[in-house]
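Understanding the architecture of this molecule
Residues per chain are reported as follows:
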Amino acid sequence: MNITLRQLRAFIAVAELGQFNIAARNLHLTQSAVSILIRDLETEIGVRLFDRHTRMVSLTLVGQEFLPQARKILKDLELAVGDVRDNAMLKRGQVTVAAAIVLAATIVPPIIARFLRMYPEISVNIRDMPEEQITPALKRHEVDIAVGTLSEEDPEITATALLRDKLMLVCRDDHRFAKRKSVRWAQLKDETLITLAASNPLRNIVEHNLIRVVPNYRPKYEVRFSTTAISMIAAGMGVSVLPENSGQLASAVGVTTIDLIDPIVMRDVSLLQRRHHSLSPAAEHLKAAFIASAARNN
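Here the structure is a predicted model, which is why all the values come from computation and not from measurement.

What counts and how
Residues numbered from 1 in each chain as written. Predicted model: local features only at pLDDT ≥ 70, side-chain atom pairs only at ≥ 80, totals over all residues. Heavy atoms only, no water. Helix = DSSP H or I, 4+ residues; strand = E, 2+ residues; numbered from the N terminus. Rg over C-alpha atoms; globule rule 2.2 N^0.38 Å. Buried < 20%, exposed > 50% of the residue type's maximum accessible area, 1.4 Å probe, protein only. Contact = heavy atoms within 4.5 Å. Lys, Arg positive; Asp, Glu negative; His and termini not counted. Charge placed at Lys NZ, Arg CZ, Asp CG, Glu CD. 1 Å grid on protein atoms, 1.4 Å probe; cavity = no way out; pocket = protein on both sides within 12 Å on 5 of 7 lines; lining within 4 Å. Points joined across faces, edges and corners; volume = space filled by probe spheres on them. Nonpolar A, V, L, I, M, F, W, Y, C, P; charged D, E, K, R; others polar. Polar contact = N/O pair within 3.5 Å; in protein donor to acceptor, adjacent residues only side chain to side chain. Phe/Tyr/Trp six-rings, centres within 6.5 Å; stacked < 30°, edge-to-face > 60°. Expected span 1.5 Å × (residues − 1). Salt bridge = Lys/Arg side-chain N within 4 Å of Asp/Glu carboxyl O. Axes fitted to C-alpha atoms, helices over the stretch in contact; angles between N-to-C directions. Parallel < 35°, antiparallel > 145°, perpendicular 65-115°, else oblique.

A separate point is the overall build of the protein. Scanning the protein from N- to C-terminus turns up 11 helices and 12 strands. For 298 residues, the compact-globule estimate of 2.2 N^0.38 gives 19 Å, and the protein exceeds it by more than 25% at 31 Å. Seen along its three principal axes, the alpha-carbon backbone of the protein occupies a region of about 105 × 35 × 30 Å. Residues counted as buried form 43% of the 298 residues belonging to the protein. Within the protein, counting contacts between residues at least 6 apart in sequence, those at least 24 apart form 72% of the total. When the 37 basic and 32 acidic side-chain charges of the protein are each reduced to a single mean position, those positions are 3 Å apart.

The structure is reproduced here in structure tokens:
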């Protein structure tokens, strides 16, 4: 079946106005063009839709049954096109962002808040989760974009660099290292270490550097969330190596962060998305907001 929108519009106009010439003026077409559109529609359907009179036309029984359906088709299409245009103009839309726990509690909210002040009709959902769950969530199409650390190249994921932050020693305010400006990695050999889960990309970075200077390195505790590690540190259960922005959460619970040196270790925080997968207009603009914020702060 090869029915066109122009045929449907011509059919509705003639049905409502009762004359080909009036319908033609309303559609900004010639009367012959409208006649051709109606004839082609009747040929395609295989039945007459109008009874022609000298000056007027009237719907056949089939035409009367078809009219509400034709109106519904056009209305549904107009609504669908309107929704697409609203999405393109950011008058509506939804974006789901995944972020590592600490990033979701520090750098992500201010960026989203600025974005929503510009585009208040957009709905943004934040999924805070452990680093190791971010890539699988992207691949399962559960989130549109993500902010986190990609531990290794992944053919299904594209990473756009946002920022680099240092790994820091996090200890309690009364710890022997608390007043120091910096601590060497080698000085952690006698400390009770609280580490993140083995599947967390940060764990690989920490272990790579610790094993080089502390050959017998063994973590005492393993947790999934940085916030749990910070609470354990505050309870006097040990120290941990966490990203620099963890300090924004640490100060509230009597915990401090100290530079780790020899070497200074950085980790990359990136905007992650599925490779070869187009983002919605809302997600594309939110991605741009993250990149612009990172550029201002670098």
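A few words now on empty space enclosed by the protein. Throughout the structure, instances matching the rule amount to two cavities of 30 Å³ or more. A100, I101, E131, N200 and S226 are, among the 15 residues lining the largest cavity, the residues nearest its centre. Residue contributions to the lining of the largest cavity peak at three residues, all from helix α5 (residues 101-105). Broken down by class, the residue content of the lining of the largest cavity amounts to 10 nonpolar, two polar and three charged. The computed volume of the second largest cavity comes to approximately 60 Å³. Around the second largest cavity, the lining residues are L193, I194, T195, L196, R203, V206, S240, V241 and L242. Among the secondary structure elements, those contributing two or more residues to the lining of the second largest cavity are β8 (194-196), α8 (201-213) and β10 (240-243). Here the lining of the second largest cavity is composed, by residue class, of six nonpolar, two polar and one charged.

Next up on the list: the side chain of E131. With respect to the element layout, E131 can be found in helix α7 (residues 131-139). Here E131 falls in the buried class, since its relative accessible area comes to 6%. A polar side-chain atom of E131 sits 3.0 Å from the main-chain amide nitrogen of T149. Side chain to side chain, E131 and R267 meet in a polar contact 3.1 Å long. Residues within four places of E131 in sequence aside, it is in contact with A100, G148, T149, N200, P201 and R267.

Moving on, we get to the packing of aromatic side chains. The tally for this structure, following the rule as stated, stands at four aromatic pairs. A ring pair is formed by F115 and Y119, whose centres lie 5.1 Å apart and whose planes are at 50 degrees; its orientation type is tilted. Taken individually, F115 and Y119 each receive the classification buried, so the pair is uniform in this respect. Within the aromatic cluster, the residues linked to one another by ring pairs are F11, F20, F50 and F66.

An α-helical segment advances 3.6 residues per turn. Residues three or four places apart therefore align on the same side. Between its terminal C-alpha atoms helix α3 (residues 31-45) stretches 21 Å, which fits the 21 Å expected from 15 residues at 1.5 Å a residue. G46, located one to two residues past α3, shows a positive phi value of around 95 degrees.

Okay, the pattern of salt bridges next. Applying the stated criterion across every chain, the model contains 17 salt bridges. Each of the salt bridges in this network shares a partner with another, and the network as a whole consists of R127, R140 and E142.

Another point: the layout of surface pockets. Rolled over the atoms, a probe sized like a water molecule indicates the empty space that remains. Counted as a void, the largest pocket has a volume near 160 Å³. For the lining of the largest pocket, the element with the highest residue contribution is α7, accounting for five residues. The residue makeup of the lining of the largest pocket, split by class, is five nonpolar, four polar and four charged.

Before going further, it helps to examine the packing of helix α1 (residues 5-17) against α3. For the pair α1 and α3, the least separation of the axes is 9 Å and the interaxial angle reads 105 degrees. Classified by the angle between their axes, α1 and α3 sit roughly perpendicular to one another. Note on element contacts: α3 touches α1 through V34, L37, I38, D40 and L41, opposite R6, Q7, A10, F11 and V14. Taken together, the residues that form the contact of α1 with α3 break down as seven nonpolar, one polar and two charged.

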